[in-house]
Amino acid sequence: MDYGNGFVSKEHRELLRSVSESADPLSASPLQISITPRSPKSPKSSSSPRSLKNHDKHSHSLKDGRPKKGGYGGKGTWGGLLETSDEGHNLDPNDPNYDSSEECEGKNMRKAGEEEFGEYKKKATVIIEEYFATDDVVSTANELREIGLPKYNFYFVKKLVSMAMDRHDKEKEMAAVLLSALYADVIDPSQVHRGFAKLVESADDLVVDIPDAIDVLALFVARAVVDDILPPAFLTKQSDRLPRQSKGVQVLKRAEKGYLAAPLHAEIIERRWGGSRNKTVEDVKVRINDLLVEYVVMSGDVKEACRCIKDLNVPFFHHEIIKRALVMAMERWQAEDRLLHLLKAAAEEGLINSSQISKGFGRMIDSVEDLSLDIPNAESILRGLISKAASEGWLSASSLKALPFEQAKQKQSVEDGVARDFKLKAQFIIKEYFLSGDMEEVSRCLEAENSPASPELNAIFVKRLITLAMDRKNREKEMASVLLSSLCFPAEHVVNGFVMLIESADDTALDIPVVVEDLAMFLARAVVDEVLAPQHLEEIGSQNQLLLISRPDSSSIGSRVLQMAKSLLKARLSGERILRCWGGGGGGGSGGTAGAGAGAVEEVKEKIGRLLEEYESGGDVREAWRCIKELGMPFFHHEVVKKALVRVIEKRNERVWRLLRECFGSGLITMYQMTKGFSRVGEGLDDLALDVPDAKKQFKCYTDRAKIAGWLDPSFSIDLIHQHTN
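Just so it is clear, the model here is predicted, and its values are computed rather than measured.

1. With respect to the packing of helix α4 (residues 153-165) against helix α6 (residues 189-201)
Put simply, α4 and α6 touch, their axes get as near as 7 Å, and they point 50° apart. Between α4 and α6, the interaxial angle falls into the category oblique. Crossing of α4 against α6: the hand is right-handed. Judged by residue contacts, N153, F154, V157, K158, V161 and S162 of α4 engage Q191, V192, R194, G195, F196, K198 and L199 from α6. Grouping the amino acids of the contact of α4 with α6 by side-chain chemistry returns six nonpolar, four polar and three charged.

2. Here's the deal with the environment of T675
Inspection of the secondary structure puts T675 in helix α34 (residues 671-683). Taking relative accessible area as the criterion, T675 reaches 25% and is therefore assigned partly exposed. In sequence terms T675 and H638 are 37 residues apart; their C-alpha atoms lie 7.8 Å from each other. Not counting chain neighbours up to four residues away, the residues in contact with T675 comprise W711, L712 and F716.

3. Considerations on the confidence of the model for the protein
For the protein, per-residue confidence averages 77 on the pLDDT scale, and residues scoring 70 or more make up 76% of the total. By mean pLDDT, helix α29 (residues 594-597) is the weakest element of the protein at 40, and α4 is the strongest at 94. Scored below 50 in pLDDT, residues 1-6 makes seven contacts in the model with residues more than four places away or belonging to other chains. Across residues 22-89, confidence stays below pLDDT 50; counting only partners more than four residues off in sequence or on other chains, it has 66 contacts.

4. Some thoughts on the packing of aromatic side chains
What the rule picks out here adds up to 15 aromatic pairs. Residues F361 and W394 carry aromatic rings whose centres are separated by 6.1 Å and whose planes lie at 55° to one another, so their mutual orientation is tilted. One end of the pair, F361, is in helix α16 (residues 354-371); the other, W394, is in the loop between α17 (378-391) and α18 (404-416), and 33 residues separate them in sequence. The exposure classification of F361 matches that of W394, with both residues buried. Among the aromatic side chains, those forming a connected cluster through ring pairs are F117, Y120, Y152, F154 and Y155. Over the ring of F154 we find R194, and its NZ or CZ is 3.9 Å from the ring centre. The residue whose ring lies beneath R655 is Y615, and the NZ or CZ to ring-centre distance is 4.4 Å.

5. What about a negative patch on the surface?
Residues D166, D204, D205, D209 and D212 make up a contiguous surface patch of negative charge. Examined against the element boundaries, D212 turns out to sit in the loop between α7 (203-209) and α8 (213-226). Relative accessible area serves as the criterion here: at 43%, D212 is assigned to the partly exposed category.

6. Some words on unusual backbone geometry
Glycine aside, a negative phi is what most residues show, and trans is what most peptide bonds show. Even without a glycine there, the phi angle at D135 is positive, about 60°. Turning to its location among the elements, D135 is positioned in the loop between α2 (100-134) and α3 (137-147). Backbone geometry at D228 places phi at a positive 65°, although glycine is not the residue there. Relative to the elements of secondary structure, D228 occurs in the loop between α8 and α9 (233-241).

7. Some remarks on the nonpolar core
Core analysis: the biggest nonpolar cluster contains 111 residues, and F156, F196 and F361 have the highest contact counts within it. With near-sequence residues (within four places) excluded, F196 lies in contact with V157, V161, L179, F220, V221, A224, I229, L230 and F234. Counting 94 residues, the second largest nonpolar core, distinct from the first, contains A505, A624, L685 and A706.

8. Description of empty space enclosed by the protein
Empty space among the atoms becomes apparent when a probe as large as a water molecule is rolled across them. This model, assessed by the stated rule, comprises four cavities of 30 Å³ or more. Lining the largest cavity are L291, E294, Y295, S299, D301, E304, A305 and C308. Here the element with the most residues in the lining of the largest cavity is helix α12 (residues 281-299); it accounts for four residues. For the lining of the largest cavity, the per-class residue count stands at four nonpolar, one polar and three charged.

9. Thoughts on the side chain of E639
In this structure, E639 sits in helix α32 (residues 637-651). The buried category is assigned to E639, whose relative accessible area is 1%. Sequence-distant contacts of E639, defined by excluding residues within four places in its chain, comprise E576, K605, I608 and R680.

10. Quick notes on the pattern of salt bridges
Throughout the structure, instances matching the rule amount to 30 salt bridges. Of the charged contacts, one joins R254 and D215 as a salt bridge, the two residues approaching to 2.9 Å between their closest N and O atoms. Of the two residues, R254 sits in helix α10 (residues 247-260) while D215 sits in helix α8, which places them 39 residues apart along the sequence. Given a relative accessible area of 36%, R254 falls into the partly exposed group. In this structure, the salt-bridge partner of E320 is R363, at a minimum N-O distance of 2.8 Å. Note that E320 is positioned in helix α14 (residues 318-331) and R363 in helix α16, a separation of 43 residues in sequence. You can call E320 buried: its relative accessible area is 3%. The structure contains a network of salt bridges with shared partners spanning E173, R223 and D227.

11. Re helix α13 (residues 302-312)
Residues of α13 that are buried include every one of V302, A305, C306, I309 and L312, and no others. All buried residues of α13 lie within an arc of 110° about the axis, which places them on one face of the element. What points out from α13, more than 90 degrees from its buried face, is the exposed set K303 and K310. Backbone nitrogen of K303 and a side-chain oxygen of the N-cap are separated by 3.1 Å at the start of α13; the cap is D301. Count one or two residues on from α13 and you reach N313, which has phi positive near 55°.

12. Quick word on helix α20 (residues 439-449)
Among all positions of α20, only M439, V442 and L446 are buried. Looking straight down α20, one finds that the buried residues subtend no more than 50° of arc, so they occupy a single side. What points out from α20, more than 90 degrees from its buried face, is the exposed set E447 and A448. Looking at where α20 begins, the residue whose side-chain oxygen comes 3.1 Å from the main-chain nitrogen of E440 is D438.

Procedures and definitions
- Residues numbered from 1 in each chain as written.
- Predicted model: local features only at pLDDT ≥ 70, side-chain atom pairs only at ≥ 80, totals over all residues.
- Heavy atoms only, no water.
- Axes fitted to C-alpha atoms, helices over the stretch in contact; angles between N-to-C directions.
- Helix = DSSP H or I, 4+ residues; strand = E, 2+ residues; numbered from the N terminus.
- Parallel < 35°, antiparallel > 145°, perpendicular 65-115°, else oblique.
- Left-handed = near helix turned anticlockwise from the far one by under 90°.
- Contact = heavy atoms within 4.5 Å.
- Nonpolar A, V, L, I, M, F, W, Y, C, P; charged D, E, K, R; others polar.
- Buried < 20%, exposed > 50% of the residue type's maximum accessible area, 1.4 Å probe, protein only.
- pLDDT = per-residue confidence, 0-100.
- Phe/Tyr/Trp six-rings, centres within 6.5 Å; stacked < 30°, edge-to-face > 60°.
- Lys NZ or Arg CZ within 6 Å of the ring centre and 35° of its normal.
- Patch = residues over 30% accessible without salt bridge, like charges linked within 9 Å, V, L, I, M, F, W, Y side chains within 5 Å.
- Areas by Shrake-Rupley, 256 points an atom, 1.4 Å probe, with all protein chains shown as cover.
- Salt bridge = Lys/Arg side-chain N within 4 Å of Asp/Glu carboxyl O.
- Lys, Arg positive; Asp, Glu negative; His and termini not counted.
- Charge placed at Lys NZ, Arg CZ, Asp CG, Glu CD.
- Core = buried A, V, L, I, M, F, W, Y, C linked by side-chain atoms within 4.5 Å.
- 1 Å grid on protein atoms, 1.4 Å probe; cavity = no way out; pocket = protein on both sides within 12 Å on 5 of 7 lines; lining within 4 Å.
- Points joined across faces, edges and corners; volume = space filled by probe spheres on them.
- Arc of directions from axis to C-beta.
- Polar contact = N/O pair within 3.5 Å; in protein donor to acceptor, adjacent residues only side chain to side chain.

Structure, rendered in structure tokens:
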């Protein structure tokens, strides 16, 4: 190989030799290197590999000869052949399976995606500018559809609101109306959600250009909630994802407490920018109601009614016409045919599109249970209206979800068919478990009998397990709780099981007089074992209230069970007491027998003390972690936290603190158990201060460290512990 008269260092020669020897002559072309003498003016000159035309040009800049990120070549460099960074190629050209087209395709796809998104941004900005100039909702919707890139519509939402924020009230109102118009029909709800999430996340940047950005964006969020294009839960969920000190959190708090919490907030929010608009949502609703009443009671003129609908100029709100017409037809059966005739005519003329029709019927299905309070047979009437509309061809019934009664009917069919067989098998599995205590066998049987992990069947198993245990001795009750903890059913399935238990409590009470006490203890034990979270008790309470409304003749056993369960959980040292209630100390691991895992609480405390002592004297953190896990009592990890924290305070031992950090980081100890452990130490600070005078000061210091590390909620404090204790 000819190197010319140029200078080649010894290091470069060695690199060249190693590359030449390792290269595959069949898959790689010979390495060509052209070396030119160094320029005296530019000792670090580089030649561009992009063009032969510029090959001999020297750079007089102060930059070194290394190629730019992603580029190759340059004097004194080896380009992509010697690239080892992760940011470079992931594919090895010397690999026998190497296909250069794969790499090119990946780059081309990324480049095409970036270009596609860039093009969408330009078009979206133009559409928004035109909309602010023309105020034409229909044209804007058509133009956005024509772009044909719905996956980027979140950017349209973000751009529309951010541009409107820096303009007058007129544009702000126009933006809110446009979002309501495009929602669901043109822009998918998930894209609206994502667009507002992006806006809230960028609040810190918006404040730089728009001084009142927090207030304006908060009002946009509140308006979106009022217009039903954002769920109220967006505020809390998004707030949890943002840093505490971010402007986005301030926006969400302002929206919730400053606007949505105010009396008559809907009217206030809708009219906030209404000075530039004569038409609000409430005004349109009133006009829709008036035209329908006039059509039904007085004129009956279909053409006149259609003209009034057209004059409203709210094609994005036609679902409200469908909904109000259906409600009126259900309330005034004499007007049913006339109203259906109007809706059919409007659909055939194209005045109300199929999307708005489906949306209107969908809203009726969602609210039919509330309507049943005023119209007893509302569901059957609505089913008849859907059938007529579908038979006349102006409604696609397949696009609608099932009515609540039909959903219940489907659920009942599962109960009557597969569930009947499953109940018998579940009863046999549970009885076998009470004899053998083999939890692994129970898991295998459940996997075989309920392979799709059906929520209904899991709930049935929970109900059957607790029902059979309540009619037996404490040993079986303890075994039932241990099994429930080890099966790891989703919390929703367990909740449904307890709801079913409460529904059948009246019948159960005939055979088991102490059903209230037993059920309350099982429910409290499920919370202690972290099978359920405390908030699931509220969910069960809500289901119980619905039961009382639908069945006024039912007793209040469910309310008494919930009240007793909450009382048990609020008591001092409730966890230990509930764990001991049936003579056990907690659940076993995922395998083995229930008897082996149900040790006494005191014995477990001793084990925890011994493993901490062994670790403190020089043990391995992984070994200590394994021992904690093998205790098989995740619901009792607060005892580990308590004992470890006391040792840290007494001996100022950072080694034990590192063990807690390892356990939390790996997910072995949850935030709930951390909080409970710190709370228990806080409750006993006065006693601890007798041995360690600065215990309170140290506790505060370690509490602050735990908050920073994310172990505790920022609201956690000693004062709250003392208030709870008092």
